[in-house]
Amino acid sequence: MKKHNFYAGPSILSQYTIGQTAEAIKDFAGTGLSILEVSHRSKEFVAVMDEAQALVKELLDVPEGYHVLFLGGGASLQFAMVPMNLMRGRAGYLDTGTWASNAIKEAKLFGEADVLASSKDANYTFYPTGYEVPADLDYLHITTNNTIYGTELRTDPDVPVPLVADMSSDIFSRPVDVSKYDVIYAGAQKNLGPAGVTLVIVKEDALGKVDRAIPTMLDYRTHIKKGSMFNTPPVLPVYSSLMTLRYYKEMGGVKALEALDLKKAGMLYDAIDSSRIFVGTARPDSRSIMNVTFVMKPEYAELEKAFIDFASQRGIVGIKGHRSVGGFRASLYNALPAESVEALVQAMKDFESQH
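On a predicted model such as this, the values are computed, not experimentally measured, just so you know.

Q: Which residues make up the sheet that holds strand β14 (residues 328-331), and what values go with them?
A: Strands in a sheet are paired, the pairing made by backbone hydrogen bonds, and the direction either parallel or antiparallel. Strand order across the open sheet formed by 3 strands is β11-β12-β14, with antiparallel pairing between neighbours. Among the strands making up the open sheet, the edge pair consists of β11 (278-280) and β14. If you compare each strand with its neighbour and ignore which way they point, the axes differ by 35° on average. With 4 bridges connecting them, strand β12 (residues 291-296) and β14 associate as antiparallel partners. Counted as the bridge partner of V292 is A330 from β14. Where helix α9 (residues 338-354) meets the sheet, its contacts fall on β11, β12 and β14, and the angle it forms with β11 comes to roughly 135°.

Q: Describe the packing of helix α7 (residues 254-273) against α9, and please don't skip the residues or the numbers.
A: Following both chains from N to C, one finds α7 and α9 inclined at 5°, their axes separated by 9 Å at the closest point. Comparing the axis directions of α7 and α9 gives the class roughly parallel. Contact residues: K264, M267, L268, A271 and I272 in α7; A338, V341, E342, L344, V345 and M348 in α9. Its residues placed into classes, the contact of α7 with α9 shows 9 nonpolar, no polar and 2 charged.

Q: Could you give me a rundown of unusual backbone geometry, with the residues and numbers involved?
A: Of note, the bond from G9 into P10 is cis; its omega dihedral lies within 30 degrees of zero at -5°. As for its placement among the helices and strands, P10 is situated in the loop between β1 (4-5) and α1 (15-26). A positive phi angle is found at A29, which is not glycine, with a value near 55°. The class for A29 is exposed, based on a relative accessible area of 54%.

Reading the values: the criteria
- Residues numbered from 1 in each chain as written.
- Predicted model: local features only at pLDDT ≥ 70, side-chain atom pairs only at ≥ 80, totals over all residues.
- Heavy atoms only, no water.
- Pairing = 2+ DSSP bridges.
- Helix = DSSP H or I, 4+ residues; strand = E, 2+ residues; numbered from the N terminus.
- Axes fitted to C-alpha atoms, helices over the stretch in contact; angles between N-to-C directions.
- Contact = heavy atoms within 4.5 Å.
- Parallel < 35°, antiparallel > 145°, perpendicular 65-115°, else oblique.
- Nonpolar A, V, L, I, M, F, W, Y, C, P; charged D, E, K, R; others polar.
- Buried < 20%, exposed > 50% of the residue type's maximum accessible area, 1.4 Å probe, protein only.

Structure representation (structure tokens):
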């Protein structure tokens with residue numbers, strides 16, 4: 001039975017990425033060695049890192065003066081690395097969900113983390129707007145897509161201070177004006193590769209302005225100087241990420257991916273909005289095209305488990321909502337084919353017709 005993978009992360013990868021990675025596990029670049037055992041200093045792997053960095057710059061149109069890094073530690077480590085490297089005294093944060101809250105908690109270890117706006121009181125069902133950004137902040141930190149609550153900001157804000165964004169779950173789903181940001185970071189395991197590597201795009205001019213001593217491994221300048229290879233990088237996830245980047249280029253780049261993502265999300269939201277038993281949880285003007293969250297209407301709430309079981313019988317997996325909110329979540333990352341969304345929509349309609 002064909003599987004339709006809606007898991008939020010680690011999530012679906014393209015068959016191209018999986019196939020190419022499987023071959024490299026057996027024989028990497030004709031070396032007779034597995035990618036799992038090859039030296040990261042070998043010319044073959046250095047070429048992988050160089051190409052991966054170059055493709056990120058090409059696909060996102062990264063301007064001069066920025067560096068692309070592939071680091072360990074996950075996006076959660078960036079919650080600390082950002083203030084450690086950028087915060088001199090006070091920064092602003094938008095509280096839009098669990099991961100934003102975690103970033104705020106870490107930032108408070110290094111200075112004042114002012115929450116400029118929050119949708120917590122509304123259970124994070126919308127993305128805040130209309131907030132003021134004090135011009136004396138060291139930076140403003142945003143989380144562009146909130147996987148648990150299904151909200152997203154699909155524009156690049158104009159603010160009077162340096163901008164930092166956690167784009168872990170929507171990177172490469174739309175064109176980004178990188179010049180508006182000092183730091184963009186994204187865990188790989190949603191739209192790039194397997195878990196274990198984090199993409200960081202950092203503006204060189206943003207660094208070197210804090211007085212604190214920064215541990216060597218946590219200083220962005222260390223990794224810039226060494227081309228992301230100060231220590232042994234996560235070799236396999238970097239290779240898989242390169243395969244995904246090649247695939248994205250073949251697909252026509254970020255604009256083509258965005259068109260496909262909008263089509264998939266529109267299909268599912270239309271099904272939810274026209275349903276008698278399902279209802280979306282995110283406010284329509286804040287809906288994510290990466291993570292679609294919905295529940296049963298109150299009078300049908302007891303059928304949630306039955307629907308998950310019904311869907312799983314059709315090969316649909318990963319639609320159970322995060323444990324903190326319940327309901328359902330369908331993650332529509334770039335690698336998910338439209339036919340999987342069609343299968344989910346059909347399952348929703350067939351289930352509804354039975355109840």
